[in-house]
Amino acid sequence: MSTVTAVDSPPVPEADEGALPVARTWHPWRWLVAALALIVVAQFAHGLVTNPGWDWPTFARYFTATSVLSAMRVTLELTFWGTLFGFLLGVWVAVARLSKIPVLQVIAWSYVWAFRSIPLIVQLLFWFNIAYLYKRMAIGIPFGPAFFTFDVNGVISGFTAAVIGLALHQGAYSAEIIRAGIISVDPGQLEAAKSLGLPWRRQFFTIVAPQAMRGILPNAANEVISLFKGTSIVSVMAIAELFYQVQVIYGRNGRVVPLLMVATVWYIVLTSVLSVVQYYTERHFAKGGQRDLPPTPWQRVRAKVEEITGERQ
């Protein structure tokens, strides 16, 4: 009868306390490229500060002006309602496209095809002028008596028309984003849930939806940011959102560049806030896909500071 004897592994040599540290590899080209990039950035910053054409005093005077802040509120309201109704509509359209009912599939596909094909500005102008087609609308039995009739101009204002146009446009794109996230889930996950006898709602909300969210969130966040910037298109409807209000102001005083910078900086600030929200939302839903989450930017900065202070000590 043969026996297997364990063979001791060779001892690992201990590090010599008096040994010199390993020298880091020198990369001169990296330093050269970094220096050139810093020079370009410094020249750009110098031009921002010294060029009188930017007219920073005018920028500072209007950046927090009451009219600009009111216009910013309108922009945020358009973004909120367009996103809310757009994604609610997108969920139902995505469900219709994934259903086994051919009629719903065709209708959902046609809706996505139509509203992705028509430019947003055309959709907005169409809803803004809907009263030319329908001066009065009624709610009742189809092809039968009407229970309630209302004047279109009295109900659909410019703001309402903008929300309808933005929501319908957003719904077409969000439907494809949601559908792509759902079909990206491994079918084996759903089969395993069915084999356990879980009801349909638990299958979707506890297994399919959390995994689909990891694919939906990045694209959905991009759509929200695009919609936030796309609200500037409603300026053609004379709605007092941010870009329209900036146009009104520089049309009076002729200070085009500083007023455009007012709108630009506000767009950058709020887009950055949305990006931070996107990062932490994606991090939350990544818990099921990664065992150890990567450190946040703030954690990286703290770790680097502790590393530097530790080396100095």
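The coordinates are above.
Structural notes, computed from the coordinates. For clarity, every value in this text was computed on a predicted model and none was experimentally measured.

## Some remarks on the overall build of the protein
Okay, step 1: Tallying secondary structure elements over the protein gives 12 helices and 2 strands in all.
Okay, step 2: Across the 313 residues in the protein, those meeting the buried criterion constitute 30%.
Okay, step 3: Pairs at least 24 residues apart make up 68% of the contacts formed inside the protein by residues separated by at least 6 positions.
Okay, step 4: Looking at the protein as shown, the accessible area adds up to about 21,600 Å², and 66% of this sits on carbon and sulfur atoms.

## Focus on helix α5 (residues 120-128)
Okay, step 1: Within the span of α5, buried status applies to Leu120, Gln123 and Leu124. An end-on view of α5 places all buried positions within 100° of arc, on one side of the element.
Okay, step 2: The inward-facing, buried residues of α5 contact α4 (102-117), α7 (158-183) and α9 (200-230).

## Looking at the environment of leucine 78
Okay, step 1: Of note, leucine 78 is situated in helix α3 (residues 66-98).
Okay, step 2: What makes leucine 78 buried here is its relative accessible area of 0%.
Okay, step 3: In this structure, the C-alpha to C-alpha distance between leucine 78 and glutamate 241, residues 163 residues apart in sequence, is 8.7 Å.
Okay, step 4: Excluding residues within four positions of it along the chain, leucine 78 makes contact with Phe159, Ala162, Val163, Leu166, Thr231, Val234 and Glu241.

Conventions we followed
Residues numbered from 1 in each chain as written. Predicted model: local features only at pLDDT ≥ 70, side-chain atom pairs only at ≥ 80, totals over all residues. Heavy atoms only, no water. Helix = DSSP H or I, 4+ residues; strand = E, 2+ residues; numbered from the N terminus. Buried < 20%, exposed > 50% of the residue type's maximum accessible area, 1.4 Å probe, protein only. Contact = heavy atoms within 4.5 Å. Areas by Shrake-Rupley, 256 points an atom, 1.4 Å probe, with all protein chains shown as cover. Arc of directions from axis to C-beta.

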